[in-house]
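Report on the structure
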Amino acid sequence: MNSRERIVLSPYQLPTQNALMIANDDIAAIMNGYAALWHPAAVVDAAGPPRLGSPYDFERPVEGHLYAVPETLPLLLPDDWDQRVRDAGAIAFRSTPDRETTLANLRAALAAIEDAALLDLPADAVGPFLGIGFGYLMVDGLFEAMEHEKLLAKVEFWQDVQQAAAALKGPNRDVVRQHLQAAAERLLAAREVLYPVNIHLLDLVLFDPELRNETLPGSFHRGLALNLVASASLLERFSVQNPEGFATLRDRVAGDLVEICGGSYVEREDALLPVESQLWNLKTGMAAYQRLLGQEIRTFARRRFGAHPQLPLFLNSVGLHRALLLTFDDSTIPTHRSTLINWPSPDGKQVEAFTRAPYPADNPQTFFHVAHNLHKTIMQDHAATFALLHKSGPAQPWYDDWLELARLAPVLGQWTTLSRYLTDVLAGEYTTAAAADDFHGDYLSERVNAHHPEPVSGFARHVRWRRRLDTAFTLAAMARGLMGKQDSLGVEPRLTELEARLERDAAAPPRGDDASERELNDVQKAIGDALAGRLLGSASQEAPGYLLLNPCSFARRLALELDGFQNPLPVAGAVKAFQLDGDKGRMVVETPALGFTWIPARGQPGTPMPPARMRLADARSLRNEFLEAEIDPATGGLRTIRDQRTRVGRLGQQLVYHPGSTMRAREVRVTSTGPALGEIISEGDILDEQQQVLATFRQRFRAWLGRPVLDLRIEVFPRQPPQGYPWYMYYGARFAWRDERATLVRGVNGAGFATSYTRPETPDYLELTHGGQRTTIFPGGLPFHQRNGTRMLDVILIPEGETATAFDLAIGLDRENPMQTAVGMVTPPVLVPTTRAPAPERATGWLFHLDRSNLVLTRMWPAADGADAVVARMLECSGHTGPAEFHGPRNPQQATLLDARGEMLLDVQCEGDAALFEVTGGDLVQLSMRFS
């Protein structure tokens, strides 16, 4: 065959300085046509490298030329162009969006004139030529993008390529590779004229445990660096389902060819779960990676969204200092210009974070724009970086071309793991701590679309179960601190197993009849009985009563309703209010932080009924010393809540069906007027525009004497369940306020962040601040909220698929530490029945004491192996830095600050019964106290 040019007829040239967006099929047809022209059968006697040419320049075909004609492009060629090709002695073939079809068309076109030895080459012989072609096209485009003279030794380069093609007809294939490597090195030398240092290439894979090894990206099989994003539970599944494949993967990890990026044991809605749940997920995940891979992972990453402002703090606490700050769905995260940043949390701890969004490997646009994007990173980044993402579909064929090129020489960069990359490259941006509004993931839509039976209420059940578990751990630690080496409870393994059972299936927390529920009750009873036996061991008076135990680091005024009372209790000491309704005693009892209070189980005969300090309820209003709530008789909702000092209305509430409804009460009745409890119940309907009943409702409003919150129990019974987009179709509790200038603050992992976001997610609290007034909504673990205008906010209760009908919320006024109230709301009271009464001076007291109200104890637990020590974890919630003291029931011999893994950070000073330490605003503190 005569010497000829190889030309792809295309009205488009490779994008260089500017992006070019055309249809994917058009790109694929152009790129496949170009790749086919690098087949050895087309290369062996060509005049030079293939090129893209305008169809207008080749309306008259030239003898000996070989044309690739993209079948998807409207080339506007003459109607008889194919005949002109034949008449001119040229050859043309159709290139398609499919690589194999295109190559088959090429072979068919050359079959009459080309040696069969070159036409029938196996794929592994053709692949390196296609890789050289991909590299040539991109280096040529890079020269154009950077407006630089093209300095490739083109003649020598082409000689190397042709010599390699000719050598395929001989027996020595090693010679073929030598010539191709020489050609690749010429391309590398030309690229290094433009950018003389390494370009970093990252291959990211969202791991699917259903994949077999053979379907992993090509870099896995070609010995090039690969990064797999996989949770520990996915790796566990893979190791069981495909042990042989997992063994291969583990070997690649040991050889530093594959890096596993993860950190979480299971990927779930961690950003909306309690701090202790998040830490369990990280600690359990890190331990599982160590067990499965024989080494710790070094880079945190998630397939699903799970980021929030304090994530760098939590990662540091488990020994992770590098992360992918990327989202692989439609979630929102902060944007940064630099590829690598130092990402800090509010307390100042930081991680190195990779922020460059990878290009999808299954999209033809990615490979069409390689030269353009390389030009951008070379010009804008202090270390040129290009990342590819394998998410769902197979990679485009040009990915394999790129890998073949990389095996010859690092023409377009060096494939690397994230750890090596983060070691070699310095952060280009030191950012400030992100705000809560910078992060958002649509967990509500995810759960509804997945047909979760409790897309909203599941979070509230989980946080309450988590607090019960943390309560049991804390009470066990209180027993260890009190009894020391005499503590023989040994409940830690049972609690740890219960914790794992809960957290592994956080989407479905245990219910009342669940075995986990019964076992937790048994463990808590054993701990309570042990504490009661020690605290009341010297009590000689026989009298039935209850020992109230407080696992919180702040004093609580507990509202209790207990049966079996014949006579009232006197209002004195810890009992702040009492009323007797039949044989039910309703009371408010104050319990010290991390302490106890004993109350009798029955009143003495002749005890007078406590006088009413104030009427707590009348026909339309509830009140106590802190607040007054007015109920709307027409709607059954909250008309307003006001404080007793200024008497200014703060907040109103109604039930709504979004997108439109009205609330109408059928009955509003007072069920308790005091002296301990004021209660009003309203019942009615939620109506549509045609006055048809959408749902019935029942709302219970409670104000307890001495407690600064208004409790709301909301029950909604839909007759027309919502269907459709959950942010638009739902039943919710709508809160409205007067002044649109009020600032809305949401709690995120204990800290408050001002928010202007339309959908401010938080399970903790939402606080309205205006002037000196602070009005707080406590959703009780319900995390999804939506603003309507500037003065209304909906707490979403029932979207499509929600099975729960009852929800507990609260409203507080001027709470100095709202996170304390949020924690107290979801922490159930612990009552231990007793048969003996302590002396009055020993009826209440504390066992441990934390002197800083801005520190919230998330959990305390006994030290491992029966050691005479306890460990306490605390979260700073107000952003204040300063000294703190943690007191115990005995004088500690040693106190140490630890990270979340239990590894020592530093020793702290002990004075008397206290450990003295410094706290940074927003920090997570873990303190170990050893008593002997």
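As the structure is a computational prediction, the values presented were derived from the model and not from experiment. (Residues numbered from 1 in each chain as written. Predicted model: local features only at pLDDT ≥ 70, side-chain atom pairs only at ≥ 80, totals over all residues. Heavy atoms only, no water.)

1. Notes on the sheet that holds strand 19 (residues 595-600)
An order of 36-15-19-37 is seen for the 4 strands of this open sheet, with the pairing classed as antiparallel. Of all strands in the sheet, those with a lone pairing partner are strand 36 (830-837) and strand 37 (844-846), marking the two edges. Adjacent strand axes in the sheet meet at a mean angle of 25°, parallel and antiparallel pairs treated alike. Taken together, the 7 bridges between strand 15 (residues 541-549) and strand 36 define a ladder with antiparallel strand orientation. When the sheet's bridge partners are listed, E542 is paired in strand 36 with R836. Against the sheet, helix 21 (residues 515-535) engages strand 15, strand 19 and strand 36, with an angle of about 35° to strand 36. (Pairing = 2+ DSSP bridges. Helix = DSSP H or I, 4+ residues; strand = E, 2+ residues; numbered from the N terminus. Axes fitted to C-alpha atoms, helices over the stretch in contact; angles between N-to-C directions. Contact = heavy atoms within 4.5 Å.)

2. Quick word on the side chain of R859
In this structure, R859 sits in strand 39 (residues 855-862). Residue classification places R859 among the buried residues on the basis of a relative accessible area of 5%. Among the polar contacts listed, one links the side chain of R859 to the side chain of E499, at a separation of 3.4 Å. Contact partners of R859, with chain neighbours within four places excluded, come to E276, K283, R466, D470, F473, T474, E499, V871, A872 and R873. (Buried < 20%, exposed > 50% of the residue type's maximum accessible area, 1.4 Å probe, protein only. Polar contact = N/O pair within 3.5 Å; in protein donor to acceptor, adjacent residues only side chain to side chain.)

3. What about the pattern of salt bridges?
All chains considered together, the criterion is met by 70 salt bridges. With its nearest N and O atoms 2.6 Å apart, the salt bridge here joins R466 to D470. Separated by 4 residues within a single helix, R466 and D470 lie in helix 19 (residues 457-483), roughly one turn from each other. Like D470, R466 is buried. One network of salt bridges, in which partners are shared, links R268, D270, E276, R302, R466, D470, E499, E503, R859 and R873. (Salt bridge = Lys/Arg side-chain N within 4 Å of Asp/Glu carboxyl O.)

4. Some words on the sheet that holds strand 14 (residues 429-430)
On the basis of which strands lie adjacent, the open sheet formed by 4 strands has the order 8-10-9-14 and mixed pairing. At either margin of the open sheet sits one strand with a lone partner, and together these are strand 8 (322-324) and strand 14. Strand direction decides the pairing type here: strand 9 (residues 340-344) and strand 14, joined by 2 bridges, are parallel. Bridge assignment links N342 to a residue of strand 14, and that residue is Y430.

5. Overview of helix 4 (residues 99-110)
Taking 1.5 Å of rise per residue, the 12 residues of helix 4 would be expected to cover 16 Å, and the 17 Å separating its terminal C-alpha atoms lies within 8% of that figure. For helix 4, the full list of buried residues reads R99, T102, L103, L106 and L110. Taken end-on, helix 4 shows its buried residues confined to a sector of 95°, consistent with a single buried face. Projecting away from the buried face of helix 4 at angles above 90 degrees are the exposed residues E100 and A108. Taking the backbone nitrogen of E100 as reference, a side-chain oxygen 3.4 Å away marks D98 as the first, capping residue of helix 4. (Expected span 1.5 Å × (residues − 1). Arc of directions from axis to C-beta.)

6. Quick look at the pairing of strand 40 (residues 869-876)
The buried fraction of strand 40 is high, at 8 of 8 residues. Bridge count for strand 39 against strand 40 is 7 bridges, and the pairing is antiparallel. Counterpart to P862 in the pairing with strand 40 is V870. In textbook terms, the turn of a hairpin is the stretch between consecutive antiparallel strands, and for strand 39 and strand 40 this stretch comprises 6 residues, one of which, D865, has a positive phi near 60°. Taken together, the 7 bridges between strand 40 and strand 45 (residues 924-930) define a ladder with antiparallel strand orientation.

7. Section: unusual backbone geometry
Note the cis peptide between G674 and P675, where omega equals 15°. As for its placement among the helices and strands, P675 is situated in the loop between strand 24 (662-673) and strand 25 (677-687). Non-glycine residue D256 carries a positive phi angle of around 60°. Mapped onto the secondary structure, D256 falls in the loop between helix 11 (243-254) and strand 7 (258-261). On the basis of relative accessible area, D256 is assigned to the partly exposed category, the value being 26%.

8. A closer look at the environment of L106
Topologically, L106 is positioned in helix 4. Sequence separation between L106 and L66 is 40 residues; the distance between their C-alpha atoms is 9.6 Å. Excluding anything up to four places from it in sequence, L106 contacts A36, H39, L66 and F93.

9. Concerning the pairing of strand 4 (residues 91-95)
Burial along strand 4 is one-sided: the face carrying I91, F93 and S95 is buried and the face carrying A92 and R94 is not. As defined by bridge partners, strand 3 (residues 66-70) adjoins strand 4 across 5 bridges and the pair is classed as parallel. Within the sheet, the bridge partner assigned to V69 lies in strand 4 and is R94. Viewed along the sheet, the connection from strand 3 through helix 3 (residues 81-88) into strand 4 turns out right-handed. (Right-handed = clockwise from strand over helix to strand, strands pointing away.)

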